[in-house]
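Results of the structural survey
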Amino acid sequence: AKNTARNTMQFFDPRMQESINRRATDESDLYTAIENGQFELHYQIQVDGDGTPTGAEALIRWRHPERGLVSPAEFIPLAEETGQILPIGRWVINAACAQLRLWQSDPLMRHLTLSFNISSRQFQQPEFPRIVRRALQRHAAPADHLKIELTESVLLDNAEHAIAVMQQLRELGIRFSLDDFGTGYSSLQYLKRLPLDQLKIDQSFIHDISTDSGDLSIVQAIMAMASKLGFEVIAEGVETHEQRELLASIGCFAYQGYLFGRPVSATALLGTTEAVARA
Ligand code: C2E
Ligand code: CA
Ligand code: CA
Ligand code: CA
């Protein structure tokens, strides 16, 4: 019997067992993380054509007691599967509103827009508008400085509902950006119906924009489409001066990427923004 078991075991990929173990740990660890406040928001600056800061995107990190700082790619997909994204997402909204309130007392920060990300599941929950409204109230944060980043999947799941929720929140002054734009497929017809303010061009189109004429054409087409529909455009993943200059040459004057700053703690963001202001 022992031999049979051993023979059977040979069909298992040990890495697969490892990933099952890891996953089990993660799921219960995530509960601990939620209860013990192990999440942090880091902020990545967004700038205009002159390089002047206009906003920042909040990006979640998990301060794990053993693993250190864990990136969202390693736990957001699992949290979406298990539903833990709901309490995590609620925490994000509250932390973002608290930060936005803090910026109001700093002359360098108070004009910045704060963007945050949400998952489809979160957006579909009936309480979502109330969670946002309550967070704004609780922290006395200005709604017109808040921007929500959605992906096309959020809108495809239940477009009518999504549009209704967006309209409600827009009445408060909140704005919406369509994240990872170009990676899904939205028809013009469909985009036209969405109460959006901004398209965020996915970094995969920016990466090779200076060497791949196909990517450049796509970005040009997005610029043309956005201007017809009255949406702003921001390019994400801008890493080089060359990319920035090329984007400017085709009329794109809003950028986010390592060229301007990596995601950093709120304190570090304040420091670099002060340095930019002095320069
Ligand atoms: P995203 O919303 O598309 O965020 C942009 C990602 O690109 C971030 O990764 C950012 O650090 C990275 N990035 C920014 N500039 C550059 C650049 O110049 N070059 C390169 N190579 N990368 C750049 P991050 O922070 O690891 O986040 C990954 C994803 O996790 C996000 O993608 C978003 O989908 C998700 N996420 C982050 N925070 C939250 C959150 O609070 N809630 C939800 N639901 N999802 C989140
Ligand atoms: Ca985003
Ligand atoms: Ca993105
Ligand atoms: Ca993405």
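Our structure's up above, just so we're on the same page.
Below is a summary of the structure that appears in this document.

Definitions and cut-offs
Residues numbered from 1 in each chain as written. Chains lettered and ligands numbered in written order. Predicted model: local features only at pLDDT ≥ 70, side-chain atom pairs only at ≥ 80, totals over all residues. Heavy atoms only, no water. Donors = N, O, S within 2.8 Å, 3.2 Å for Na, K, Ca; no water. Helix = DSSP H or I, 4+ residues; strand = E, 2+ residues; numbered from the N terminus. Near = heavy atom within 4 Å. Polar contact = N/O pair within 3.5 Å; in protein donor to acceptor, adjacent residues only side chain to side chain. Areas by Shrake-Rupley, 256 points an atom, 1.4 Å probe, with all protein chains shown as cover. 1 Å grid on protein atoms, 1.4 Å probe; cavity = no way out; pocket = protein on both sides within 12 Å on 5 of 7 lines; lining within 4 Å. Sits in = over half its atoms within 2 Å of the grid points. Nonpolar A, V, L, I, M, F, W, Y, C, P; charged D, E, K, R; others polar.

**Quick word on the coordination of the calcium ion (ligand 2)**
Here the calcium ion (ligand 2) is held by the protein donor atoms Glu57 (OE), Asn117 (OD1), Glu149 (OE) and Asp179 (OD), which lie 2.1 to 2.3 Å from it. Taken in sequence order, the residues that donate to the calcium ion (ligand 2) follow the motif E-x59-N-x31-E-x29-D. Between the calcium ion (ligand 2) and the calcium ion (ligand 3), the interatomic distance is 4.1 Å, and aspartate 179 donates to each metal, bridging them. Of this pair, asparagine 117 sits in strand 4 (residues 113–117) while glutamate 149 sits in strand 5 (residues 146–150), and the two are 32 residues apart along the sequence.

**Details of the coordination of the calcium ion (ligand 4)**
Tetrahedral coordination by four donors puts the ideal angle at the metal at 109.5 degrees, and octahedral coordination by six puts it at 90 or 180 degrees. Within the first shell, the calcium ion (ligand 4) binds the protein through Asp180 (OD) and Asp180 (OD), at distances of 2.8 to 2.9 Å. The calcium ion (ligand 3) is placed at 3.8 Å from the calcium ion (ligand 4), the two being bridged by aspartate 180. With respect to the element layout, aspartate 180 can be found in strand 6 (residues 175–181).

**Some words on the site of ligand 1**
Around ligand 1 lies a shell of 20 residues, among which Arg61, Ser119, Gln203, Glu239 and Tyr258 are the nearest. Here a nitrogen atom of ligand 1 and a backbone polar atom of isoleucine 60 are 3.1 Å apart. Note that a nitrogen atom of ligand 1 is positioned 2.9 Å from one of the side-chain N or O atoms of serine 119. The protein chains hide 80% of the 810 Å² of surface that ligand 1 would expose on its own. More than half of the atoms belonging to ligand 1 lie within 2 Å of the grid points that define the largest pocket. At the level of secondary structure, the elements contributing two or more residues to the shell around ligand 1 comprise strand 2 (53–64) and strand 6. Here the shell around ligand 1 takes four residues from strand 2, the largest share from any one element. For the shell around ligand 1, the class distribution of residues is eight nonpolar, six polar and six charged.

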